[in-house]
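# Structure at a glance
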Amino acid sequence: MRKKIAAGNWKMNTTLLQGIDLFNEISIRLNEIQLSGVQVIIAPSFVHLAKFVSLARLNNSICISAQNCSHEEKGAFTGEVSPEIIKSTGAEMVIIGHSERRKYFNESDELIEQKINLSIKTGLTPIFCCGESEIQRSQNQHFNTIKLQISKALFNLPPTDFCKVIVAYEPIWAIGTGKNATPEQAQEMHHYIRSLIEDKYGMHIAGATPILYGGSCNSENSDALFKNPDVDGGLVGGASLNAEEFIKIIRSLAAN
């Protein structure tokens, strides 16, 4: 049975004290929920990782992730943070290939592949993001776009390493826009992604790979999204910055 995952990507938000308050509120509310195998992930700023790991040790249902990492192991790369440094804080995961990294920092599929490989080598679980733009979808290129992103970044991994990856589909046209993919569109793409994995690695690995939906996921649409058989949870942005909203999303995931 695949994991159900609710991942909160806080992006460049919250001071340390604000983040602690938000984390504690989420943690307290989680104790009121029958999680039914749901894994909750929170990805705060780099500089908050060690503190949040210590807080998460008080609630075993929460896992801490970084939002990005360097493709280099170490060296003269001022401002960069390596997977090894992330791992040393106690964080267990890292988001790689987010559309904002691709768009604003010009991250290529080749660079993302390097980050994936180094993260796995270091012992971190990568949350790999893929997604198409509004133009690519309107031109009926969305399937090909996703196939290329996944093939270039992930499909050189041996099966034992690919099994460590979480995939997140995030249609770029739905991120921070208030739009979101319909449940039918989400299921269609998630099923397609799973079929690509099955063609490459077989039915068992494809069936065990969690595929999350990201893109204006909120408490109003999460239940319909999570009812889909190939949608295993959400990579949640803005809605994860509100404890009540994030808990509602987690509840809907646990109920499906």
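Let us look at the structure shown here. (Residues numbered from 1 in each chain as written. Predicted model: local features only at pLDDT ≥ 70, side-chain atom pairs only at ≥ 80, totals over all residues. Heavy atoms only, no water.)

A separate point is the sheet that holds strand 3 (residues 62–66). Pairing within the closed barrel is parallel, and its 8 strands lie in the order 1-2-3-4-5-6-7-8. Neighbouring strand axes in the sheet, compared pairwise and without regard to direction, differ in orientation by 30° on average. Examined bridge by bridge, strand 1 (residues 4–9) and strand 2 (residues 38–43) share 6 bridges and lie parallel to one another. Opposite Ala6, over in strand 2, you have Val40 as the bridge partner. (Pairing = 2+ DSSP bridges. Helix = DSSP H or I, 4+ residues; strand = E, 2+ residues; numbered from the N terminus. Axes fitted to C-alpha atoms, helices over the stretch in contact; angles between N-to-C directions.)

The next thing to look at is the side chain of Glu245. Relative to the assigned elements, Glu245 resides in helix 12 (residues 243–255). Despite its burial, Glu245 remains without a salt bridge, the nearest opposite charge being carried by Lys248 at 5.2 Å. Engagement of the side chain of Glu245 in a polar contact is seen with the side chain of Ser219, the distance being 2.8 Å. Discounting chain neighbours no more than four positions away, the residues touching Glu245 are Asn218, Ser219 and Ala239. (Buried < 20%, exposed > 50% of the residue type's maximum accessible area, 1.4 Å probe, protein only. Lys, Arg positive; Asp, Glu negative; His and termini not counted. Salt bridge = Lys/Arg side-chain N within 4 Å of Asp/Glu carboxyl O. Polar contact = N/O pair within 3.5 Å; in protein donor to acceptor, adjacent residues only side chain to side chain. Contact = heavy atoms within 4.5 Å.)

What follows deals with the packing of helix 1 (residues 16–30) against helix 12. It is at 9 Å that the axes of helix 1 and helix 12 come closest, and there the two elements cross at 35°. For the crossing formed where helix 1 meets helix 12, the hand is right-handed. Contacts between helix 1 and helix 12 involve Leu22, Glu25, Ile26, Arg29 and Leu30 on the former and, on the latter, Ala243, Glu244, Phe246, Ile247 and Ile250. Considering only residue class, the contact of helix 1 with helix 12 consists of 7 nonpolar, no polar and 3 charged. (Left-handed = near helix turned anticlockwise from the far one by under 90°. Nonpolar A, V, L, I, M, F, W, Y, C, P; charged D, E, K, R; others polar.)

Another aspect to go through is the nonpolar core. If you look at the biggest cluster of nonpolar residues, it comprises 69 residues, and the most contacted ones within it are Ile64, Phe128, Leu154, Ile193 and Ile250. Leaving out residues up to four positions away in the same chain, Leu154 has contacts with Ile116, Phe128, Phe162, Val165, Val167 and Tyr201. In this structure, Ala7, Ile41, Cys63 and Ile95 belong to the second largest nonpolar core, which totals 13 residues. (Core = buried A, V, L, I, M, F, W, Y, C linked by side-chain atoms within 4.5 Å.)

Here we come to the pattern of salt bridges. Enumeration according to the criterion identifies 13 salt bridges in this entry. With its nearest N and O atoms 2.8 Å apart, the salt bridge here joins Arg137 to Glu132. Classification of Glu132 by relative accessible area gives buried; the value is 0%. Three or more residues are tied together by salt bridges with common partners; here these are Arg2, Arg194, Asp230 and Asp232.

The volume enclosed by the largest pocket comes to roughly 820 Å³. Forming the walls of the largest pocket are 31 residues, and the residues nearest its centre are Gln67, Glu100, Arg101, Tyr104 and Phe105. At the level of secondary structure, the elements contributing two or more residues to the lining of the largest pocket comprise helix 4 (99–104) and helix 5 (109–122). When its residues are assigned to classes, the lining of the largest pocket shows 11 nonpolar, 12 polar and 8 charged. (1 Å grid on protein atoms, 1.4 Å probe; cavity = no way out; pocket = protein on both sides within 12 Å on 5 of 7 lines; lining within 4 Å. Points joined across faces, edges and corners; volume = space filled by probe spheres on them.)

Moving on, we come to the packing of aromatic side chains. Across all of its chains, the model carries 7 aromatic pairs by this definition. Just above the ring of Phe105 sits the side chain of Arg101; from NZ or CZ to the centre is 3.9 Å. (Phe/Tyr/Trp six-rings, centres within 6.5 Å; stacked < 30°, edge-to-face > 60°. Lys NZ or Arg CZ within 6 Å of the ring centre and 35° of its normal.)

Attention now moves to helix 5. Helical geometry: 3.6 residues make up each α-helical turn, so side chains three or four residues apart lie on a common side. Across its 14 residues, helix 5 extends 20 Å between first and last C-alpha, which sits within 8% of the 20 Å expected from 1.5 Å per residue. Buried within helix 5 we find Asp109, Leu111, Ile112, Glu113, Lys115, Ile116, Leu118, Ser119 and Ile120. Considering only its buried residues, helix 5 is in contact with helix 3 (83–88), strand 4 (93–96), helix 4, strand 5 (125–130), helix 7 (142–154) and helix 8 (159–162). Downstream of helix 5 by one or two residues, Gly123 has phi in the positive range, about 100°. (Expected span 1.5 Å × (residues − 1).)

Residue placement: Ser219 occurs in the loop between strand 7 (211–214) and helix 11 (222–226). The class of Ser219 is partly exposed, set by a relative accessible area of 25%. On a C-alpha basis, the gap between Ser219 and Ile249 in space is 5.0 Å, while along the polypeptide they are 30 residues apart. Excluding its chain neighbours within four sequence positions, the residues that come into contact with Ser219 are Glu245, Lys248 and Ile249.

Turning our eyes to something else, we now look at the side chain of Asn228. Here Asn228 shows up in the loop between helix 11 and strand 8 (233–236). Judged by relative accessible area, Asn228 falls into the buried class, the value being 14%. At 3.2 Å, the side chain of Asn228 and the backbone oxygen of Leu225 are in polar contact. When near neighbours in sequence (up to four residues on either side) are disregarded, Asn228 contacts Pro183 and Gln187.

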